[in-house]
Amino acid sequence: MSAAAVWAERQEGRGIPPEILAKARSNPWRHEVGHFTAPEEPHDTPSRAAALALLGDGGTVLDVGCGAGAAAFALVGPLSRVTGADQQQDMLDAFAAAARARGLPHRTVLGRWPDASADAGTADVVVSHHVLHNVVDLPPFLRALTAAAGRGVVVEMMAQHPMAWLDPLWERFHGLHRPPSATTADAVAVLRELGVEPQVQEWERVTPPRHDAAVVTQRLCLPESAVPAVAAALDTLDRPRLAATLSWTA
Ligand SMILES: C[S@@+](CC[C@H](N)C(=O)[O-])C[C@H]1O[C@@H](n2cnc3c(N)ncnc32)[C@H](O)[C@@H]1O
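Read on for a plain summary of the structure.

Here is what the cut-offs are and how they apply
Residues numbered from 1 in each chain as written. Predicted model: local features only at pLDDT ≥ 70, side-chain atom pairs only at ≥ 80, totals over all residues. Heavy atoms only, no water. Phe/Tyr/Trp six-rings, centres within 6.5 Å; stacked < 30°, edge-to-face > 60°. Helix = DSSP H or I, 4+ residues; strand = E, 2+ residues; numbered from the N terminus. Buried < 20%, exposed > 50% of the residue type's maximum accessible area, 1.4 Å probe, protein only. Lys NZ or Arg CZ within 6 Å of the ring centre and 35° of its normal. Near = heavy atom within 4 Å. Polar contact = N/O pair within 3.5 Å; in protein donor to acceptor, adjacent residues only side chain to side chain. Areas by Shrake-Rupley, 256 points an atom, 1.4 Å probe, with all protein chains shown as cover. Axes fitted to C-alpha atoms, helices over the stretch in contact; angles between N-to-C directions. Parallel < 35°, antiparallel > 145°, perpendicular 65-115°, else oblique. Left-handed = near helix turned anticlockwise from the far one by under 90°. Contact = heavy atoms within 4.5 Å. Nonpolar A, V, L, I, M, F, W, Y, C, P; charged D, E, K, R; others polar.

### Remarks on the packing of aromatic side chains
Both the distance between ring centres and the angle between the ring planes are used here to describe each pair of aromatic rings.
Right, so step 1: Overall, the coordinates contain 1 aromatic pair when judged by the stated rule.
Right, so step 2: Between F73 and F95, the ring centres sit 5.0 Å apart and the planes meet at 35 degrees, which makes this aromatic pair tilted. Taken together, the positions of F73 in helix α4 (residues 70-73) and F95 in helix α5 (residues 89-101) put the pair 22 residues apart, joining distant regions of the chain. Considered together, F73 and F95 belong to a single accessibility category, that of buried residues.
Right, so step 3: Residue placement shows R178 over the ring face of W170; its charged tip is 4.5 Å from the ring centre.

Encoded structure:
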């Protein structure tokens, strides 16, 4: 099986069966804009260092799946102009507000990558943080990142699907056994299949991604009354911290 097929199969294994999805109060996949605010003082991560190395004295950045722009706004200084592309308008609104607050020339593009790539255009450096695990068909997504970059690409991802640590809760509340998650190694294998040899750095996040009991209850398609039981179950699980930075030149 090709690496791309392995990735797709593992990502499809993250799906929610229709009979469980039918019970959802709201879209369990939707990202909450408030969880992705770009910090005033950026965290000094391997992803930031890789993007700064590509930017050198200065250049433009395209942030794919930008959310509120944590990846791009960590590059303020050498960053001369920024484009944010996202499939959610509320994320783009937060991105534009953050760019205005920093006095940065900016543009936003609403759409799903890679379909949005024509509108997004090109930039010296393309960053895409915590988006790969939203994607099933990875090769077109990755190819379009490379094609949009004048100098190089920096991707950040969790070592496993960011929801994989909740697998015991799917088992407990729905009796649903989930197959193994797609991993950083799986993404690297897809890149190699495309003829790209990325630099890979694995590291630990200072803070794990935000997952409060109310959000997890929604993700699990459970009623609000289940929040206390979910909160108790969450206390028994370790939050994921292992992340990876994949970078390559265009
Ligand atoms: C987990 S958030 C990460 C946001 C931001 N990059 C960060 O690191 O804070 C994922 C973001 O990617 C967006 N997204 C997911 N798949 C996408 C796609 N195929 N095209 C465009 N945006 C996408 C979501 O709407 C969301 O804003």
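### Describing the site of the ligand
Right, so step 1: As a matter of local geometry, the ligand sits amid 17 residues, with G65, D86, W113, H129 and H130 nearest to it.
Right, so step 2: A distance of 2.6 Å separates an oxygen atom of the ligand from a polar side-chain atom of D86.
Right, so step 3: One of the backbone N or O atoms of Q87 is found 3.3 Å from a nitrogen atom in the ligand.
Right, so step 4: A total of 600 Å² of accessible area belongs to the ligand in isolation, and the protein chains cover 95% of it.

### Thoughts on the packing of helix α8 (residues 167-174) against helix α11 (residues 227-234)
Right, so step 1: Contact geometry of α8 with α11 gives a least axis separation of 11 Å together with a crossing angle of 140 degrees. On the basis of the axis angle, α8 is oblique to α11. In this structure, α8 crosses over α11, and the sense of that crossing is right-handed. Only A229, V230, A233 and L234 of α11 make contact with α8, whose side of the interface consists of L169, R172 and F173.
Right, so step 2: Along the lines of polarity and charge, the residues of the contact of α8 with α11 split into 6 nonpolar, no polar and 1 charged.

Keep in mind these numbers describe shape, not what the thing actually does.
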